[in-house]
Amino acid sequence: MPYGSAHSGHFITNFFHDPDKSSNRRTVADALTNHGWVQDIRGVATVEVIMDFLHLWDLVTEMALRSGVSDKHIWRLNSSGHYSAWSAYEALFQGSILFSPWEQIWKTWAPNKCRLLLWLVSHDRCWTADHLKRRHLPHPESCPFCDQEDETIDHLLTGCVFAHQFWFTVLQRFGLAALAPQPVDNLFETWWSRIAAMVSGTTQQGLNSVIILEPGCFGSIGMIVFSTR
Ligand SMILES: [Zn+2]
């Protein structure tokens, strides 16, 4: 792998924890000469560190410096090779997961405290029994409404027979009873996306607002999720 003379860039890896930062001042050329970078390694040699070391060793072994050739800095996150603040910002989101219901939650007429509740629901961040169980905290063995299934946020809001009745009653007031959860609807977000796609325009925005507003009014769920735990 050809490189320039490598005198203008610094050789930095996460191996080095040198308090005086002397290791950070090594140029690439200096670090690669006689494997000088190995002398700068600090800290405990855990299995992960050793694996990283071997990986880095293989990488630098393939590097061949070319004396007298000027270094060229290339910003790999931009196709042009030049740095831009936008490409750096975009890189922050590499590997991130798109939050699919964001528009359904934030572009509605519901007040912010209700939006926040649904945001927590969508991220599965409510203190339902399944979360309490994973943390070895006291929790109900089953749903306090139906006493038939495990208590999860999806069950409380969608899968429970009481949730079916709740949504049917709410949506019936707007002539949308047919959109109430069916026995096959066990996931809140999936059900919500499905019925939101069945309407459009202001009806859709109104439906999304109702779905965001009502769980907060569903007193028992609010109490379970927020108040008593
Ligand atoms: Zn239930």
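Anything mentioned here points back to the structure above.
Residues numbered from 1 in each chain as written. Predicted model: local features only at pLDDT ≥ 70, side-chain atom pairs only at ≥ 80, totals over all residues. Heavy atoms only, no water.

Asker: Help me understand the coordination of the zinc ion in this model?
Answerer: Where a metal carries four tetrahedral donors, each ideal angle is 109.5 degrees; where it carries six octahedral donors, the ideal angles are 90 or 180 degrees. Bound to the zinc ion on the protein side are C143 (SG), C146 (SG), H155 (NE2) and C160 (SG), at distances that span 2.1 to 2.4 Å. Here the zinc ion binds 4 donor atoms, and the angle range of 103 to 115° at the metal identifies the geometry as tetrahedral. Counting along the primary sequence, the residues that act as donors to the zinc ion give the motif C-x2-C-x8-H-x4-C. C146 gets classed as buried once you look at its relative accessible area, which sits at 13%. (Donors = N, O, S within 2.8 Å, 3.2 Å for Na, K, Ca; no water. Tetrahedral: all angles 85-135°; square planar, octahedral: opposite > 155°, others 65-115°. Buried < 20%, exposed > 50% of the residue type's maximum accessible area, 1.4 Å probe, protein only.)

Asker: Help me out: how do you make sense of helix 5 (residues 112-122) in this one?
Answerer: Because the α-helix completes a turn every 3.6 residues, residues three or four places apart line up on one side. Along helix 5, the residues classified as buried are C114, R115, L117, L118, L120, V121 and S122. Taken from the residues just after helix 5, D124 is the one with a positive phi, measuring 50°. (Helix = DSSP H or I, 4+ residues; strand = E, 2+ residues; numbered from the N terminus.)

Asker: I would appreciate a short explanation of the environment of S193 in the present structure.
Answerer: Checked against the element boundaries, S193 lands in helix 9 (residues 188-196). Using a relative accessible area of 32% as the deciding quantity, one classes S193 as partly exposed.

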